[in-house]
Amino acid sequence: MAIVVIRNDEKTPQWVSLLQAQDPEIPVYAYGPAVPRKAITMAAVWKHPQGSTAEFPNLKGIHGLGAGVDFILEDPDRDPALPVMRVVDPYLASDMAEYILALVMSHLRQLPEYGRDKANSAWHPRPYNRIANLRVGIMGLGQLGMAVARLLAKTGFPLSGWARTPKPDPGFPVFHGAAGQAEFLSGCDVLVCLLPLTPATRGILDRKLFSNLPAGALMINVARGPLLEEADLLLALDAGNLSAAWLDVFHEEPLPAGHPFWKHPRVNITPHIASVSDPASVAGQIITNYKALMTGAPLRHQVDLQRGY
Ligand code: NAP
Ligand code: GLV
């Protein structure tokens, strides 16, 4: 019985050693040809090569190393009978909230515009807005969306939210489902997308949705790239539906050289760093889930495979 870590980046050794440190009696391997295939009972994965989890005949579960599990559920070679677990972590939530607060404050005081002015040696004072007048709407009120809402509410931003199901007493207006979407959007000067990528949400950030926002809104996508119809974003920016966009996630990552977003003056980009799982904080919950998986105890943060999140 053992764990294999399968990732698409250079962080595998760090994850292996931190998982190993949790319980030295549990063997933890970095994915590769030397891993004893039959010994592996749990795979801990982040953007793993599709099909790789099928190499382990005694696998009992797959643990994502982040909050989103779209890349696991999209793997056509995944055994659909296996439970899938994901990360729920206080730092993942607070890091996301701090990132969104930084972007919204920077938008409020037009810091990207002043950055461009400096590059052009232009002295160009502008009128400015206040926190109390900037309405922020959050799509997706789960672990991360709620953390963002708590921090923005504490800072004084007028808030609203949108989710699949109603939320009792969140302290701000919450809309839900298709029926509540247009009314929600009409009150968003800033739209923050924190929805999971599922068949129901793919492409949701499209021309029709942008047309329901107040003219000149800011759109922030920190969820997953394929939620956004990229061509529709460019049209909405040109038409003035949107004044700007902040994007942390993309259809293809890294964003390819030559992609029109790189040069667009009102598309701001960060390289999928809004909130990154901290292995030191997360390793404990993965080992707890591994032990639960081995003993048949209840799993934590198990993904609903029907809903897709
Ligand atoms: P979560 O706890 O599962 O919350 C998901 C929220 O989305 C819930 O409020 C859910 O509604 C809502 N939702 C799902 N499908 C919907 C639909 N069809 N219509 C309306 N609302 C829907 O997820 P989380 O932990 O907050 O994470 C959200 C996403 O953030 C992840 O899936 C991941 O893709 C992304 N992420 C990005 C970064 C980054 O660095 N950029 C970091 C971490 C995570 P209900 O409450 O009604 O179920
Ligand atoms: C990051 O994107 C995550 O899903 O944790």
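These numbers come from a predicted model, not from an experiment.

Caption draft 1: Representation of the packing of aromatic side chains. For the structure on display, the rule yields 3 aromatic pairs. On the basis of an interplanar angle of 70° and a centroid distance of 6.4 Å, the ring pair of Tyr 31 and Phe 56 is categorised as edge-to-face. Remark: Phe 56 occurs in the loop between strand 3 (40–46) and strand 4 (61–64) and Tyr 31 occurs in the loop between strand 2 (28–30) and strand 3; sequence separation between them is 25 residues. Its relative accessible area of 30% is what places Tyr 31 among the partly exposed residues. The exposure class of Phe 56 is buried, given its relative accessible area of 3%. Both rings, one in Trp 46 and one in Phe 71, keep their centres 5.0 Å apart while their planes meet at 70°; by these two values the pair is edge-to-face. Of this pair, Trp 46 sits in strand 3 while Phe 71 sits in helix 2 (residues 70–73), placing them 25 residues apart in sequence. The positively charged end of Arg 109 is found above the aromatic ring belonging to Tyr 128, 3.7 Å away from the centroid. Above the face of the Tyr 114 ring, Arg 126 is positioned so that its terminal group lies 4.9 Å from the ring centre.

Caption draft 2: Highlighting the site of ligand 1. Within the structure, ligand 1 sits among 29 residues, and Arg 86, Leu 144, Thr 165, Lys 167 and Tyr 309 are positioned closest to it. In the environment of ligand 1, a nitrogen atom lies 2.9 Å from a nitrogen or oxygen atom belonging to the backbone of Arg 164. One nitrogen or oxygen atom from the main chain of Ser 275 is found 3.0 Å from an oxygen atom belonging to ligand 1. Listing elements by their share of the shell around ligand 1, those giving two or more residues are helix 5 (143–155) and strand 7 (159–163). If one sorts the elements of the shell around ligand 1 by residue count, helix 5 sits on top with 3 residues. There are two domains that each give the shell around ligand 1 at least three residues, and those are domain 1 (2–89 + 277–295) and domain 2 (92–269).

Caption draft 3: Structural detail: the environment of Thr 12. Inspection of the secondary structure puts Thr 12 in helix 1 (residues 12–22). Residue class for Thr 12 comes out buried when judged on its relative accessible area of 12%. With 131 residues separating them along the chain, Thr 12 and Gln 143 place their C-alpha atoms 25 Å apart. For Thr 12, the residues in contact, after removing those within four places along its chain, are Val 5, Arg 7 and Ala 30.

Caption draft 4: Structural view of the pairing of strand 11 (residues 242–247). Among the 6 residues of strand 11, 5 are classified as buried, and the element is accordingly described as predominantly covered. One ladder, built from 5 bridges, connects strand 10 (residues 217–221) with strand 11; its direction is parallel. In the sheet register, Ala 217 faces strand 11, and the bridge partner there is Leu 242. Viewed along the sheet, the connection from strand 10 through helix 8 (residues 230–239) into strand 11 turns out right-handed.

Caption draft 5: Geometry of the sheet that holds strand 8 (residues 174–176). Read from one edge to the other, the open sheet built from 7 strands follows the order 8-7-6-9-10-11-12, with strand pairing classed as parallel. With one partner strand each, in any of the chains shown, strand 8 and strand 12 (267–269) form the two edges of the open sheet. Going from strand to strand, the sheet's axes swing by 15° on average, the running direction of each strand aside. Bridge analysis of strand 7 against strand 8 gives 3 bridges, and the strand direction is parallel.

Caption draft 6: Up close: the side chain of Gln 181. Within the secondary structure layout, Gln 181 lies in helix 6 (residues 177–186). Relative accessible area serves as the criterion here: at 14%, Gln 181 is assigned to the buried category. When residues no more than four places from it in sequence are discounted, the contact partners of Gln 181 are Met 139, Trp 162, Ile 204 and Leu 209.

Caption draft 7: Just the environment of Leu 191, in detail. Mapped onto the secondary structure, Leu 191 falls in strand 9 (residues 190–193). Residue classification places Leu 191 among the buried positions, given a relative accessible area of 0%. Along the backbone, Leu 191 and Ile 138 are 53 residues apart, and their C-alpha atoms lie at a distance of 6.0 Å. Residue contacts for Leu 191: discarding those within four places in its chain leaves Gly 137, Met 139, Phe 184, Leu 185, Leu 205, Leu 209, Leu 213, Leu 218, Met 219 and Ile 220.

Caption draft 8: Spatial organisation of the nonpolar core. Ile 100, Val 192, Ile 220 and Val 222 are the most contacted members of the largest nonpolar core, which totals 69 residues. The element contributing the most residues to this core is helix 3 (residues 90–108), with 10 residues. Both of domain 1 (2–89 + 277–295) and domain 2 (92–269) provide at least three residues apiece to this core. Listed in part, the 30 residues of the second largest apolar core include Trp 162, Leu 197, Leu 205 and Phe 210.

Caption draft 9: Highlighting the pattern of salt bridges. Tallying each qualifying case throughout the model produces 10 salt bridges. Note that Asp 304 is salt-bridged to Arg 307, the shortest N-O span being 3.8 Å.

Caption draft 10: Layout of helix 6. All of the buried residues in helix 6 are Gly 177, Gly 180, Gln 181, Phe 184 and Leu 185. Looking straight down helix 6, one finds that the buried residues subtend no more than 135° of arc, so they occupy a single side. Along helix 6, exposed side chains directed more than 90 degrees from the buried face belong to Ala 179 and Glu 183. On its buried face, helix 6 is in contact with strand 6 (136–139), strand 7, strand 8, strand 9 and helix 7 (207–211).

What counts and how
- Per-chain numbering applies: the sequence of each chain, read as written, is numbered from 1 onward.
- The naming scheme follows written order: chains are lettered A onward, ligands numbered 1 onward.
- Residues qualify for local features only when their pLDDT is at least 70, as the model is predicted, and side-chain atom pairs are given and counted only at 80 or more; totals for whole chains, interfaces and linings, by contrast, use all residues.
- Based on all heavy atoms of the structure, the side-chain values leave hydrogens and waters out of the count.
- Side-chain rings of Phe, Tyr and Trp, where Trp is taken by its six-membered ring, are said to pair if the distance between their centres is within 6.5 Å; with planes under 30 degrees apart they count as stacked, over 60 as edge-to-face, and otherwise as tilted.
- Helical segments are the DSSP runs of H or I of at least four residues, strand segments are the runs of E of at least two, and each set is numbered from the N terminus.
- Exposed residues in this analysis have more than 50% of their type's maximum accessible area, buried residues have under 20%, and partly exposed residues fall in between, with area computed by a 1.4 Å probe over protein chains only.
- Counting as a charge over the ring demands two things of the Lys NZ or Arg CZ atom: a distance within 6 Å of the ring centre and an angle within 35 degrees of the ring normal.
- Nearness of a residue to a molecule or strand requires only that one of the residue's heavy atoms be within 4 Å of it.
- Residues adjacent in sequence count toward polar contacts only when both atoms are side-chain atoms; beyond that, a polar contact is any pair of N or O atoms within 3.5 Å, and within protein one must be able to donate a hydrogen and the other to accept it.
- Domains are outlined according to an automatic or database domain assignment.
- Whether two residues touch is decided by their heavy atoms; if any such pair falls within 4.5 Å, the residues are in contact.
- Think of it this way: DSSP has to see at least two bridges between two strands before they count as a pair.
- The crossover handedness rule: strands pointing away from the viewer, path from first strand over the helix to second strand clockwise, crossover right-handed.
- To get an axis, a line is fitted to the C-alpha atoms, and for a helix only the part in contact is used. The angle between two axes follows their N-to-C directions and goes from 0 to 180 degrees.
- Here, the term nonpolar core denotes a set of buried Ala, Val, Leu, Ile, Met, Phe, Trp, Tyr and Cys residues that are joined through side-chain atoms within 4.5 Å.
- Here, a salt bridge means any Lys or Arg side-chain nitrogen found within 4 Å of an Asp or Glu carboxyl oxygen.
- What the arc describes is the spread of directions from the helix axis to the C-beta atoms.

Keep in mind that these numbers describe shape and distance, not what the molecule does.
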